[in-house]
Amino acid sequence: MSYDALRHFADSWGLVAMVGMFLIFVGWTFLPRARAAHERAAIMILEDEEQGNG
């Protein structure tokens, strides 16, 4: 396979693969079973950490 053929393949099908993976990852965040994890992550930064200092 020549460089030009490989570059053409990567330009066309690589873009299609990246768009497909992007859509899968975005869709994955909207799955109903992920709701609890998203709610936990949303409040995690607001919770106090337990201090180990005495």
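Residues numbered from 1 in each chain as written. Predicted model: local features only at pLDDT ≥ 70, side-chain atom pairs only at ≥ 80, totals over all residues. Heavy atoms only, no water.

Trainee: Mind showing me how you'd approach a nonpolar patch on the surface here?
Mentor: Judged by side-chain polarity, Leu15, Met18, Val19, Met21, Phe22, Leu23, Ile24, Phe25, Val26, Trp28, Phe30 and Leu31 come together as a nonpolar surface patch covering roughly 1300 Å² of accessible area. Positionally, phenylalanine 25 belongs in helix H1 (residues 3-29). Residue phenylalanine 25 is classed as partly exposed on the basis of its relative accessible area, which comes to 47%. (Patch = residues over 30% accessible without salt bridge, like charges linked within 9 Å, V, L, I, M, F, W, Y side chains within 5 Å. Areas by Shrake-Rupley, 256 points an atom, 1.4 Å probe, with all protein chains shown as cover. Salt bridge = Lys/Arg side-chain N within 4 Å of Asp/Glu carboxyl O. Helix = DSSP H or I, 4+ residues; strand = E, 2+ residues; numbered from the N terminus. Buried < 20%, exposed > 50% of the residue type's maximum accessible area, 1.4 Å probe, protein only.)

Trainee: Quick question: what am I supposed to make of H1 here?
Mentor: Across its 27 residues, H1 extends 38 Å between first and last C-alpha, which sits within 8% of the 39 Å expected from 1.5 Å per residue. The sharpest bend along H1 comes to roughly 30°, located at tryptophan 13. (Expected span 1.5 Å × (residues − 1). Bend = angle between axes of the 7 residues up to and from the residue.)

Trainee: Just to check I follow, could you spell out the pattern of salt bridges for this structure?
Mentor: Should the charged atoms of two oppositely charged side chains come close, the side chains can pair. Applying the stated criterion to the full structure yields two salt bridges. A salt bridge links aspartate 11 to arginine 7; the nearest nitrogen and oxygen atoms lie 3.5 Å apart. Taken together, the residues aspartate 11 and arginine 7, both in helix H1 and four residues apart, mark about one turn of the helix. On the accessibility criterion, aspartate 11 (46% relative accessible area) is partly exposed. Notably, a salt bridge pairs arginine 40 with glutamate 47, separated by 2.7 Å at the nearest N-O pair. What makes arginine 40 partly exposed here is its relative accessible area of 41%.

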